[in-house]
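Chain by chain, the residues run as shown.
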Amino acid sequence: MIFGARDDGIIVQGATGTQGAFHLDLMNDYARGAGGRGVVAGVTPGKGGQVVHGVPVYDSVREALASHDVVTSVLFVPGKAAGDSIMEAAEAGIELVVAITEHIPVHDTAKAIAYARTCSCSVVGPNSPGILSPGEIKLGIMPAQLFSRGNVGVISRSGTLTYEVVDELTRAGIGQSTVVGIGGDPIIGETFVDVLDRFARDPLTDAVVVIGEVGGNLEEEGAASTDLPIVAYIAGKSAPPEKRMGHAGAIVEGGEGDAASKIRRLEALGVPVAEKPSEIATLVRDLL
Amino acid sequence: MKLLEYEAKEIFINHGIAVPDGVIITQPEEMVLHLHKLGPEVVLKAQVDVGGRGKAGGILMAKSEDAMATANRLFGASIKGMPVDKILVEERLPIEHEYYLSITIDRASKQHLILFAETGGVDIEQTASLRPEAVRKALVHPLLADVPPFLLRRLVGNAPKEIAPVINRLYHVFCEKDALLAEINPLVTTPDGVFAADAKLIIDDNALARQGIHVNRDQTEREREAERHGFSYVELAGSIGVIGNGAGLTMATLDLIEHYRGRAANFLDVGGGAGRERVTHAVRLVAGMPEVQVIVVNLLGGITRCDEVAEGIVDANIPQKVIVRLAGTNEEKGRNILQEHGYMMLDTMEEAVRAAVEAVQ
């Protein structure tokens, strides 16, 4: 495991919202199956005293931490308030915030991540599907039934495309150590470099699948930073320039961040790049 | 969303950045009252959102007495296919030197990146390749409210020190207006001081509401309708309609279409929790594009209920062929509903894409 441990206490910020409540329950189902502690408290300002799927809700992260032993927060707070919530968690002493929220203004994200760093709090996301270490811990919204335990790590800027790839890996008999959705926004907390570094120190991981997309150059930066065996896939080969392809961060801007140049640079680093998602499992098998 | 030059300049003025005296007009006669204030020569700038506006004929110089005729000509012109309905008429500045200044957010460092170049009026990429020593960069930590003086000194170098406060003011604009890009190219020095001769601001689409912007002009009408339903939508030029859930999976679907030599008509990500009604809206929206001959629906997810999606597709009741790949809960139910109504459901995205490409050939 590269993020957290099975018996870590978790809070959900935004626990009383539809998505927050729904996934709180699914995360606790997973924790029960894995023998973990799961979500011990929820936080929604103004909703303190409520109970969501048997979990007590508090007005603030500090209040939740006064009664519960917690290291991680999974965040479902709406975009305009999410930056503030990340900072609130960091200030209260949370070690890891997994930000599921999409549509956070990028200036808010940049401030919140910079602030969290001053509190030694790591941020995954925003616009992330979360983290799943099969059989150990689930932080976020990934559909657990597609995953299987094994020695391959996955890092992705996407949600459903990750599930597609994980499903293919599982069907090919290739299990996963930890799957991390780092988020589809232009500014994110943990990048490919950071997560690859965590995988390099993880005895359970022997190879990593990097699922990138158009925009920026963090995939290449990650690949250049590690000695781990990597297989990559880049989505958006057909994306027209200057158009945002669903994710705020998926945009070819000023002639930079296009799929062809990313693939060229990855291949120059010796990284096998799958042409189609269905080729990833074969390339991984070749590496192992 | 990109602001037009005159809109960005209004914001600059409010933040103490000097711009040339000017007036915005929607017909030539409107400049009569103002011409005497703008001096013997004026610059007429079409307010259209296209790159390379000057080269495309969107910026014209004129003597004061010829300004009306020039404005008439510019209003009748089309700049890279865009009609001209607003012109910014400005005094012609006595320019001594042109510089380049921009602020963006740097993904790798997660900080604000300021670029200043001793050569302005041309692409920064061009300056960077021809005279790399003329381009200076500074990263500003996002928790800083001002650019620290030592960074300003580093950026300005031997250029006039009056430029330093302009950099700091542009930094304020960048932060307060939720900008993804704030650019002045050229930033000019004159005997009367430093002026922003041009102005470019791109506002974060996720911050438009709090910036008081209610209509995103960068979108087409269909793209706006898609956004009202909570979809991410981009129009493309092909004949295969695409509906997916999740940006990455939808992009991968488009890439597969291209791989099999087909052409996608659009990108549509229905987002999380694709229920019956949302799917109906999405299918109808894509089917409404006249070029679309066939639609691929590629939905995957633990919480997506396939029977609901199938009902949504059937409800849409569109004339074009719909090819479906569904994975999630209640897969069998979904398959039965689709088969009853004559729709094709396939197991993998590759099979679905190949069937769609074959259907339009």
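Just so it is clear, the structure is predicted and the values come from calculations on it, not from any experiment.

Student: Could you give an account of the pairing of strand β2 (residues 41–46) of chain B, naming the residues involved and the relevant values?
Tutor: All names here are of chain B. In terms of burial, β2 is largely enclosed, as five of its six residues are buried. As defined by bridge partners, β2 adjoins strand β3 (residues 59–63) across five bridges and the pair is classed as antiparallel. Bridging from a neighbouring strand, Val-43 pairs with Met-61 of β3. Across five bridges, the pairing between β2 and strand β6 (residues 87–91) is antiparallel. Pairing of Ala-46 across the sheet is with Ile-87, part of β6.

Student: Can you lay out the interface of chain A and chain B for me, pointing to particular residues and giving the numbers?
Tutor: Counting residues at the interface gives 56 residues for chain A and 44 residues for chain B. Here chain A and chain B share an interface that buries about 3900 Å² over both sides, 59% of which is from carbon and sulfur atoms. The partner of Lys-276 of chain A in a salt bridge is Glu-350 of chain B, with the nearest N and O atoms 2.8 Å apart. Across the chain A-chain B interface, the total number found is 17 residue pairs in polar contact (both at pLDDT 80 or more).

Student: Let's hear about a negative patch on the surface: which residues, and what values?
Tutor: Together, Glu-242, Glu-253 and Glu-256 of chain A together with Asp-123 and Glu-125 of chain B line one region of the surface with negative charge. The residue Glu-253 of chain A is located in the loop between β13 (230–235) and α8 (259–268) in this model. Accessibility expressed as a relative area gives 38% for Glu-253 of chain A, which makes it partly exposed.

Student: Describe in detail the domain arrangement of chain B, supporting the description with residues and values.
Tutor: Taken domain by domain, chain B holds domain 1 (21–91), domain 2 (97–210) and domain 3 (221–360). For domain 1 of chain B and domain 3 of chain B, the distance between their C-alpha centres works out to 46 Å.

Student: Can you explain the nonpolar core? Please cite residues and give values.
Tutor: Core analysis: the largest hydrophobic core is formed by 95 residues, its most contacted members being Val-180 and Val-209 of chain A. Top contributing element to this core by residue count: helix α7 (residues 247–259) of chain B, with seven residues. Setting aside residues up to four positions removed in sequence, Val-209 of chain A forms contacts with Val-152, Gly-153, Val-154, Ile-155, Val-165, Leu-169, Val-231, Ile-280 and Val-284 of chain A. With 66 residues, the next largest nonpolar core counts Ile-11 and Ala-99 of chain A together with Ile-11 and Val-19 of chain B among its residues.

Student: Lay out the layout of surface pockets with the relevant residues and their values.
Tutor: In this approach the atoms are scanned with a rolling probe the size of a water molecule, which exposes any empty space left behind. Reported here for the second largest pocket is a volume of approximately 410 Å³. Of all elements in the fold, only α5 (160–171) of chain A together with β16 (294–305), β17 (321–329), α10 (331–340) and α11 (349–360) of chain B reach the threshold of two or more residues within the lining of the second largest pocket. Its residues assigned to classes, the lining of the second largest pocket comprises eight nonpolar, six polar and nine charged.

Student: Just give me the short version of the domain arrangement of chain A, but keep the residues and values in it.
Tutor: Residue and element names in this part refer to chain A. Taken domain by domain, chain A consists of domain 1 (10–124) and domain 2 (143–287). For domain 1 and domain 2, the distance between their C-alpha centroids amounts to 26 Å. Taken together, the contacts link ten residues of domain 1 with twelve residues of domain 2. Summing the contributions of domain 1 and of domain 2, the shared interface buries around 760 Å²; its carbon and sulfur component is 64%. In terms of surface lost to domain 2, no three residues of domain 1 exceed Val-106, Ile-113 and Val-124, which account for 44% of the buried area on that side. At the boundary of domain 1 and domain 2, one finds zero salt bridges. Applying the counting criterion to the domain 1 and domain 2 interface returns two residue pairs in polar contact (both at pLDDT 80 or more). When residues of the side of domain 1 that touches domain 2 are traced back to their parent elements, those giving at least two are α4 (106–118) and β7 (122–124). Element by element, the count of residues in the side of domain 1 that touches domain 2 is highest for α4, at four residues. Looking at the side of domain 1 that touches domain 2 residue by residue, the class counts come to seven nonpolar, two polar and one charged.

Student: Break down the pairing of strand β1 (residues 10–13) of chain A for me, with residues and values.
Tutor: Residues and elements named next belong to chain A. Residues Ile-10 and Val-12 line one face of β1 and the alternating positions Ile-11 and Gln-13 line the opposite face, and both faces are buried. Inspection of the sheet shows β1 paired to strand β2 (residues 39–43) by four bridges, in the parallel sense. Bridge pairing in β2 links Ile-11 to Ala-41. After leaving β1, the chain enters helix α1 (residues 18–34) and then returns to the sheet as β2, a path that is right-handed. The pairing of β1 with strand β5 (residues 72–75) spans four bridges and is classified as parallel. Bridge pairing links Ile-10 to Thr-72 in β5.

Student: So what about empty space enclosed by the protein? Which residues, and what values?
Tutor: Applying the stated rule across the entire model yields two cavities of 30 Å³ or more. Space inside the largest cavity adds up to approximately 70 Å³. Lining the largest cavity are Arg-157, Asp-185, Pro-186, Ile-188, Phe-192, Gly-215, Gly-216, Asn-217, Leu-218 and Glu-219 of chain A together with Arg-107 of chain B. Taken together, the residues of the lining of the largest cavity break down into four nonpolar, three polar and four charged. The wall of the second largest cavity is formed by Arg-6, Asp-8, Ile-10, Met-27, Ala-31, Gly-36, Arg-37, Gly-38, Glu-136, Ile-137 and Lys-138 of chain A. Looking at the lining of the second largest cavity, its residues break down into four nonpolar, two polar and five charged.

Student: An account of the sheet that holds strand β10 (residues 149–156) of chain A is requested, with residue identities and associated values reported.
Tutor: All names here are of chain A. Spatially, β9-β8-β11-β10-β12-β13 is the arrangement adopted by the six strands of the open sheet, whose pairing is mixed. The outermost strands of the open sheet, each flanked by one partner alone, are β9 (137–140) and β13. Averaged over all pairs of adjacent strands, the angle between their axes in this sheet comes to 15°, without regard to strand direction. Here strand β8 (residues 130–133) pairs with β9 via four bridges, running antiparallel. From the neighbouring strand, Gly-130 faces β9, where its bridge partner is Gly-140. Along the sheet, helix α6 (residues 192–200) makes contact with β10, β11 (176–181), β12 (207–213) and β13, crossing β10 at roughly 165°.

Reading the values: rules and limits
- Along each chain, residue indices are assigned from 1 in the same order as the chain's sequence is written.
- Written order decides the labels, with chains lettered from A and ligands numbered from 1.
- Predicted model: local features are reported for residues with pLDDT of at least 70 only, side-chain atom pairs are reported and counted for 80 or more only, and whole-chain, interface and lining totals are derived from all residues.
- For the side-chain quantities, the full set of heavy atoms in the structure was used; hydrogens and water were omitted.
- Between buried and exposed lies partly exposed: a residue is buried under 20% and exposed over 50% of the maximum accessible area for its type, with that area taken using a 1.4 Å probe on protein chains only.
- Secondary structure elements follow DSSP: runs of H or I of four or more residues count as helices, runs of E of two or more count as strands, with numbering from the N terminus.
- Each pair of strands is called paired provided DSSP finds at least two bridges between the two strands.
- The contact criterion used throughout is that any non-hydrogen atoms of two residues lie within 4.5 Å.
- Buried area: the sum, over both parts, of the accessible surface (1.4 Å probe) that disappears when the two are put together.
- Salt bridges are defined by distance alone: a side-chain nitrogen of Lys or Arg within 4 Å of a carboxyl oxygen of Asp or Glu.
- Pairs of N or O atoms are called polar contacts if they sit within 3.5 Å, as long as, within protein, a hydrogen donor faces a hydrogen acceptor (for residues adjacent in sequence, only side-chain-to-side-chain pairs).
- Grouping into patches uses exposed residues only, defined as over 30% relative accessible area, and leaves out salt-bridged ones; the cut-off is 9 Å for like charges and 5 Å for nonpolar side chains (Val, Leu, Ile, Met, Phe, Trp, Tyr).
- Note on areas: these come from Shrake-Rupley sampling with a 1.4 Å probe, and a residue is covered only by the protein chains present in the view.
- Charge counting treats Lys and Arg as positive and Asp and Glu as negative, with His and both chain ends excluded.
- The atom standing in for a charge is NZ when the residue is Lys, CZ when it is Arg, CG when it is Asp and CD when it is Glu.
- Marked domain ranges trace back to an automatic or database domain assignment.
- Only buried residues count toward a nonpolar core, which is a set of Ala, Val, Leu, Ile, Met, Phe, Trp, Tyr and Cys residues joined through side-chain atoms within 4.5 Å.
- Throughout, the protein atoms alone are placed on a 1 Å grid, and a set of points is a cavity if a 1.4 Å probe fits but cannot get out or a pocket if it is open with protein on both sides within 12 Å along at least five of seven lines; lining residues have an atom within 4 Å of a point.
- Grid points are joined across faces, edges and corners, and a volume is the space filled by probe spheres set on the points.
- Three classes are used, and their members are as follows: Ala, Val, Leu, Ile, Met, Phe, Trp, Tyr, Cys and Pro are nonpolar, Asp, Glu, Lys and Arg are charged, and the others, Gly among them, are polar.
- Handedness rule for crossovers: strands pointing away from the viewer, path from the first strand over the helix to the second running clockwise, crossover right-handed.
- Here an axis means a line fitted to C-alpha atoms, over the contact stretch when the element is a helix, while the angle between two N-to-C directions is reported on a 0 to 180 degree scale.

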